[in-house]
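# Residue-level structure breakdown
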Amino acid sequence: MTDATSHVAQTDREVFELIDAEDRRQANTIRLIASENYASAAVREATASRFTNKYSEGYPGRRYYQGQEYTDAVENLACQRAKSLFGAEHANIQPYSGSPANLAIYYALLELGDTVLGMGLPFGGHLTHGYKVSFSGRFYDSHHYAVDEESERIDFDAVRKIAHEVRPKLMICGASAYPRTIDFEAFAEIAEEVDAVLLADIAHIAGLVAGGAHPSPIEVADVVSTTTHKTLRGPRGGLIMCRQEHAKAIDRAVFPALQGGPHMNAVAAAAVAFGEASTDEFKDYAAQIVKNAQALAEGLLSHGLRLVTGGTDNHLILVDLTPREIGGRDAALALEKAGVVVNSNSIPFDKRGPFDPSGVRIGTAAVTTRGMNEAAMTQIADFIGQALDNLDDDESLHEIAQDVQQFCSDYPLP
Ligand code: DSN
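Below is a short write-up of the structure.

Rules used throughout
Each residue is numbered by its place in its chain's sequence as written, counting from 1. The model is predicted, so local features are restricted to residues of pLDDT at least 70 and side-chain atom pairs to those at 80 or more, both for listing and for counting; the totals for chains, interfaces and linings are taken over all residues. Water and hydrogen atoms play no part in the side-chain values, which are based on all heavy atoms of the structure. Counting from the N terminus, the helices are DSSP H or I runs at least four residues long and the strands are E runs at least two residues long. Our radius of gyration looks at C-alpha atoms and nothing else; its globule reference is 2.2 Å times the residue count to the power 0.38. Here the term buried applies to any residue with accessible area under 20% of the maximum for its type, exposed to any over 50%, and partly exposed to those in between, with areas from a 1.4 Å probe on protein chains only. In this description, contact between two residues means that some pair of their heavy atoms is separated by no more than 4.5 Å. Working definition of accessibility: Shrake-Rupley area with a 1.4 Å probe, residue cover restricted to the visible protein chains. In this charge count, Lys and Arg are treated as positive and Asp and Glu as negative; neither His nor the chain ends contribute. Taken as the charge centre is NZ of Lys, CZ of Arg, CG of Asp or CD of Glu, depending on the residue. It suffices for a single heavy atom of a residue to lie within 4 Å of a molecule or strand for the residue to be listed as near it. Two N or O atoms count as a polar contact when they lie within 3.5 Å, although within protein this holds only if one can serve as hydrogen donor and the other as acceptor, and sequence-adjacent residues are included solely when both atoms are side-chain atoms. We place a 1 Å grid over just the protein atoms. Points where a 1.4 Å probe fits but has no way out form a cavity, open points with protein on both sides within 12 Å along at least 5 of 7 lines form a pocket, and any residue with an atom within 4 Å of a point lines it. Occupancy of a cavity or pocket is assigned to a molecule whenever over half of its atoms lie within 2 Å of that pocket's grid points. Stacked, tilted and edge-to-face are the three classes applied to pairs of Phe, Tyr and Trp rings, where Trp contributes its six-membered ring and a pair requires centres within 6.5 Å; stacked means planes under 30 degrees apart, edge-to-face means over 60, and tilted covers the rest. For a helix, the expected span equals 1.5 Å multiplied by the residue count minus one. Angles here are taken between N-to-C directions and fall from 0 to 180 degrees, while the axes themselves are lines fitted to C-alpha atoms, restricted in helices to the stretch in contact. An angle below 35 degrees is read as roughly parallel, one above 145 as roughly antiparallel, one from 65 to 115 as roughly perpendicular, and any other as oblique. Take the far helix as your reference; a near helix turned counterclockwise from it by less than a right angle gives a left-handed crossing, and one turned clockwise gives a right-handed crossing. Gly is put with the polar residues, along with every residue not named as nonpolar or charged; the nonpolar set is Ala, Val, Leu, Ile, Met, Phe, Trp, Tyr, Cys and Pro, and the charged set is Asp, Glu, Lys and Arg. Grid points are joined across faces, edges and corners, and a volume is the space filled by probe spheres set on the points. In short, DSSP must find at least two bridges between two strands for them to pair. To count toward a patch, a residue needs a relative accessible area over 30% and no salt bridge; like charges are then connected within 9 Å, while nonpolar side chains (Val, Leu, Ile, Met, Phe, Trp, Tyr) are connected within 5 Å. Put simply, a salt bridge is a Lys or Arg side-chain nitrogen that is within 4 Å of an Asp or Glu carboxyl oxygen.

Attention shifts here to the overall build of the protein. Check the secondary structure of the protein and you find 16 helices and 15 strands. Over its C-alpha trace the protein gives a radius of gyration of 21 Å, about what one expects of a compact globule, namely 22 Å for 414 residues. Viewed in the frame of its principal axes, the protein has a C-alpha envelope of about 60 × 60 × 35 Å. Burial analysis of the protein (414 residues in total) assigns 57% to the buried set. Long-range pairs, those at least 24 residues apart, make up 71% of the contacts in the protein with a sequence separation of at least 6. With the model as given, the accessible surface of the protein reaches about 18,100 Å², and the carbon-plus-sulfur share is 48%. Separation of charge centres in the protein, based on 35 positive and 57 negative side chains, amounts to 5 Å.

Right, here's the structure in full:
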């Protein structure tokens with residue numbers, strides 16, 4: 001389907017057909033997974049560049065292999081662009097993704113068994129914020145804050161109370177399923193009171209922060225981690241930014257403690273993405289993501305769905321299906337049959353388990369990249385409403401999928 005795959009078509013039909021089928025799936029369905037996006041052709045081209053062939057253990061100017069004049073230049077460029085985009089003192093673009101980035105931060109700043117306080121996974125946090133099945137919950141004394149049961153928003157009195165009780169060495173803010181603005185200053189105030197280092201994990205909202213559609217934590221957090229591929233719309237990868245005082249420890253944790261050679265093709269592609277994210281066009285994109293999420297939330301409410309916190313301030317909506325008496329997994333499977341791709345997700349105080357929770361999570365970063373606007377969101381809400389009303393009716397779901405495909409044909413992929 002694309003030039004980039006034409007050699008694969010000639011040499012490996014089996015893989016080509018899978019690539020081609022995935023291209024068509026992405027084109028013909030509505031992509032609402034909140035952590036996904038469509039990288040630009042330029043980002044994908046850099047990802048496919050010959051930088052993939054190069055080993056570059058170390059950092060620019062101090063590598064363990066020869067032949068680094070262009071890897072040094074491209075890594076310096078990526079870090080410079082990241083620092084200028086976010087206003088950071090130091091950037092490390094080598095982490096392979098978000099979880100390795102967070103692991104490196106733990107390694108750099110903590111001893112095993114130290115106390116960590118993060119948002120609980122069932123309340124919107126992330127596995128690496130101290131959840132019991134992750135390294136962060138196994139090797140550290142991890143504690144969690146929840147959201148308020150009534151408002152479903154972060155309750156800073158409760159965060160303050162638990163922070164003073166457990167006195168964390170590392171406090172983490174940031175989420176993967178929280179639809180509201182995160183008050184980084186309030187977290188910083190509490191971290192200061194208990195003498196904790198503050199990590200802001202902005203993986204989900206990095207594009208909104210870069211585009212000015214969400215407040216930035218950079219002035220108030222000691223360390224900021226993110227992936228590069230969600231709202232930020234770059235290649236798969238991770239990025240750590242920190243105050244200069246932590247730079248050496250962070251760099252040593254990424255390499256040589258935890259990783260070997262960085263993926264220089266991803267580093268080059270991240271540099272391209274940071275360049276794209278510093279444009280006025282990207283500011284408009286970030287603002288439109290939020291407008292679209294709010295329009296989609298309105299549309300879903302008009303179909304009688306209950307939304308956690310009642311709506312959204314960012315790119316993300318969490319639908320509570322409890323009033324419909326259906327599980328999130330059944331809903332996600334039915335929506336997939338209808339051509340609408342989401343993931344099931346726990347909601348705060350969920351009575352169901354994590355594999356079949358009570359909610360579905362929806363995000364607007366990818367559909368906004370395709371050029372869809374508020375009117376398109378109303379149409380998408382109608383598709384979702386119809387699919388959930390016909391959960392067990394495969395014929396209706398198939399008909400909706402055909403309408404979805406027709407709808408998608410007006411919005412080509414980048
Ligand atoms: N898998 C990512 C997400 O979907 O939010 C987090 O790691």
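Around the ligand sit Ser35, His126, Ser176, His204, Lys230 and Arg361, and that is every residue in its neighbourhood. With respect to the ligand, the side chain of His126 contributes an N or O atom lying 2.8 Å from an oxygen atom. Arg361 places a polar side-chain atom, nitrogen or oxygen, 2.7 Å from an oxygen atom of the ligand. When the ligand sits alone it has 240 Å² of accessible area, and the protein chains cover 63% of it. With respect to the pocket detection grid, the ligand is positioned in the second largest pocket.

Considering all chains together, one arrives at eleven aromatic pairs under this definition. Taking 5.0 Å as the distance between ring centres and 70 degrees as the angle between the ring planes, the aromatic pair formed by Phe123 and Phe349 counts as edge-to-face. One end of the pair, Phe123, is in the loop between strand 5 (115–119) and helix 6 (135–138); the other, Phe349, is in the loop between strand 14 (343–345) and strand 15 (359–363), and 226 residues separate them in sequence. Measuring from centroid to centroid gives 5.4 Å for Phe407 and Tyr411, while their planes differ by 55 degrees, and the two rings are tilted. Of the two residues, Phe407 and Tyr411, neither departs from the other in class, the shared state being buried.

Turning our attention to helix 15 (residues 374–389). The end-to-end C-alpha separation of helix 15 is 23 Å, in line with the 22 Å expected for 16 residues at 1.5 Å each. Ala376, Met377, Ile380, Ala381, Phe383, Ile384, Gly385, Ala387 and Leu388 are the residues of helix 15 that are buried. By the N-cap criterion, in which a side-chain oxygen at the helix start approaches the backbone nitrogen of a residue two or three places on, helix 15 is capped by Asn373, the distance to Ala375 being 3.1 Å.

Moving on: the packing of helix 7 (residues 156–166) against helix 8 (residues 184–193). The interhelical angle for the contact between helix 7 and helix 8, taken along N-to-C directions, is 20 degrees, at an axis separation of 10 Å. With respect to each other, helix 7 and helix 8 are oriented roughly parallel. Of the two possible hands of crossing, helix 7 and helix 8 adopt the one that is right-handed. Across the interface between the two elements, Phe156, Val159, Arg160, Ala163 and His164 from helix 7 touch Ala186, Phe187, Glu189, Ile190 and Glu193 from helix 8. Of the residues assigned to the contact of helix 7 with helix 8, the class counts are six nonpolar, one polar and three charged.

All right, on to empty space enclosed by the protein then. Counting across every chain of the model gives two cavities of 30 Å³ or more. Approximately 50 Å³ is the volume attributed to the largest cavity. Ala175, Ser176, Ala177, Tyr178, Ile182, His204, Ile205, Asn314, His315 and Leu316 together form the lining of the largest cavity. Residues that form the lining of the largest cavity fall into these classes: six nonpolar, four polar and no charged. In this model, the second largest cavity occupies a volume close to 40 Å³. Taken together, Phe123, Gly124, Val147, Glu152, Ala177, Tyr178, Pro179, Val308, Thr309, Leu318 and Pro348 make up the full set of residues lining the second largest cavity.

With their axes 10 Å apart at the nearest point, helix 15 and helix 16 (residues 394–408) run at an angle of 165 degrees to one another. As the angle between them shows, helix 15 and helix 16 are arranged roughly antiparallel. Handedness of the helix 15/helix 16 crossing: left-handed. Touching Ala376, Gln379, Ile380, Phe383, Gln386 and Ala387 of helix 15 are Leu397, Ile400, Asp403, Val404 and Phe407, all from helix 16. Partitioned by chemical class, the residues of the contact of helix 15 with helix 16 number eight nonpolar, two polar and one charged.

With that settled, consider the sheet that holds strand 11 (residues 306–307). Across the sheet, four strands lie side by side as 11-12-15-14; this open sheet has antiparallel pairing. With one partner strand each, in any of the chains shown, strand 11 and strand 14 form the two edges of the open sheet. In the sheet, strand 14 pairs with strand 15 via three bridges, with the strands oriented antiparallel. Bridged to Ser344 within strand 15 is Val360. Of the strands in this sheet, strand 11, strand 12 (316–320) and strand 15 are in contact with helix 12 (residues 280–302), which crosses strand 12 at around 15 degrees. Its contacts with the sheet place helix 13 (residues 328–337) against strand 14 and strand 15, and it is angled at close to 45 degrees to strand 15.

On the surface, Asp330, Asp392, Asp393, Glu395, Glu399 and Asp403 cluster together to form a negatively charged patch. Ranked by the residues each element gives to the negative patch, the list is headed by helix 16, at three residues. Tracing the sequence through the fold places Glu395 in helix 16. Among the residues examined, Glu395 registers a relative accessible area of 60% and is labelled exposed.

Let us now look at the side chain of Thr364. With respect to the helices, strands and loops of the structure, Thr364 is situated in the loop between strand 15 and helix 14 (365–369). Beyond its immediate chain neighbours, meaning those up to four positions away, Thr364 contacts Ile289, Asn292, Ala293, Leu296, His315 and Met377.

This brings us to the layout of surface pockets. Empty space within the second largest pocket amounts to approximately 730 Å³. Taken together, 37 residues form the lining of the second largest pocket, with Leu121, Gly125, His126, Ser176 and Asn345 sitting closest to its centre. At the level of secondary structure, the elements contributing two or more residues to the lining of the second largest pocket comprise helix 5 (98–109), strand 9 (223–227) and strand 14. Residues of the lining of the second largest pocket, tallied by class, amount to ten nonpolar, 20 polar and seven charged.

That's the geometry; what it means functionally is another story.
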